[in-house]
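If you want the building blocks of each chain, they are given just below.
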Amino acid sequence: MDNTTFKKTITDILVPLGFKKEGTNSWIRKAEEISMKVYLQKSSFSKLYYFNDYYIINKMHINSSGENECFGDIKYSDYKLLSKMCDLESNVSDDERVKILRNLISKDFSSHRYIETETELKEMLIKSNLPVFLVIKKYLGIDSMEPI
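Notes on the structure in this doc start here. On a predicted model such as this, the values are computed, not experimentally measured, just so you know. (Residues numbered from 1 in each chain as written. Predicted model: local features only at pLDDT ≥ 70, side-chain atom pairs only at ≥ 80, totals over all residues. Heavy atoms only, no water.)

1. Considering helix H1 (residues 3-14)
Moving on, step 1. Over its 12 residues, H1 extends 17 Å from the first C-alpha to the last, a length consistent with the 16 Å expected when each residue adds 1.5 Å.
Moving on, step 2. Buried within H1 we find Phe6, Lys7, Thr9, Ile10, Thr11, Ile13 and Leu14.
Moving on, step 3. Contacts made by the buried residues of H1 are with strand S1 (20-22), strand S2 (26-29), strand S3 (34-42), strand S4 (49-57), helix H2 (79-85) and helix H3 (94-110).
Moving on, step 4. The N-capping residue of H1, defined by a side-chain oxygen 3.2 Å from the backbone nitrogen of Thr4, is Asp2. (Helix = DSSP H or I, 4+ residues; strand = E, 2+ residues; numbered from the N terminus. Expected span 1.5 Å × (residues − 1). Buried < 20%, exposed > 50% of the residue type's maximum accessible area, 1.4 Å probe, protein only. Contact = heavy atoms within 4.5 Å. Polar contact = N/O pair within 3.5 Å; in protein donor to acceptor, adjacent residues only side chain to side chain.)

Structure, rendered in structure tokens:
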């Protein structure tokens, strides 16, 4: 599968779930306070894409790109298989790749409870072990001594 077909496949899967294509490798699901971003990070060494999800604090003013983003909390049912399907050099037919991607992403994203408020994001970050920019902690009022 070529890059263009792969990205069109991801678009076809994510759009019915409320995402809009933004840029070359990104899709955004907008909410008033917190949006979710899916980003396909291209490997520098092969035709592999890393499937990443992030939350974006919409109202946060930032100095540089990405400072208002933190890792998402989607639990992938089979991240290993998803990663294999995002490796365009893996020996899988285009039809099979599309079928598996559609099943995995649709299942995991449609059953996910999206965070849409800053309060929900703060609660999730306090409970998780995800790394977070200090500017986000400060913006959300998360004490640096809390387990984040």
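2. Quick look at the nonpolar core
Moving on, step 1. Of all hydrophobic cores here, the largest spans 38 residues; its most connected members are Phe51, Phe109 and Leu121.
Moving on, step 2. Contributions of two or more residues to this core are made by H1, S3, S4, H2, H3, helix H4 (118-127) and helix H5 (134-140).
Moving on, step 3. With five residues, the single largest contributor to this core is H3.
Moving on, step 4. Once residues lying within four places of it in the same chain are set aside, the contact partners of Phe51 are Ile10, Val38, Tyr39, Leu40, Tyr76, Tyr79, Leu82, Cys86, Ile105 and Phe109. (Core = buried A, V, L, I, M, F, W, Y, C linked by side-chain atoms within 4.5 Å.)

3. A short note on the side chain of Asp73
Moving on, step 1. Assignment of secondary structure puts Asp73 in the loop between strand S5 (69-71) and H2.
Moving on, step 2. Lys75 provides the closest opposite charge to the buried, salt-bridge-free Asp73, at an N-O distance of 6.1 Å.
Moving on, step 3. Of the polar contacts made by the side chain of Asp73, one reaches the side chain of Tyr55; its length is 2.7 Å.
Moving on, step 4. If sequence neighbours within four positions are ignored, Asp73 has contacts with Asp53, Tyr55, His112, Ile115 and Met124. (Lys, Arg positive; Asp, Glu negative; His and termini not counted. Salt bridge = Lys/Arg side-chain N within 4 Å of Asp/Glu carboxyl O.)

4. Things to note about the pairing of S2
Moving on, step 1. Alternating positions in S2 separate into two faces, Ser26 and Ile28 on one and Trp27 and Arg29 on the other, with burial throughout.
Moving on, step 2. Examined bridge by bridge, S1 and S2 share three bridges and lie antiparallel to one another. Each residue of the ladder has a partner; that of Lys20, found in S2, is Ile28.
Moving on, step 3. Turn length for the S1-S2 hairpin, with the two strands adjacent in sequence and antiparallel, is three residues, and the turn residue Gly23 shows positive phi of about 80°. (Pairing = 2+ DSSP bridges.)

Taken by themselves, the reported measurements are silent on function.
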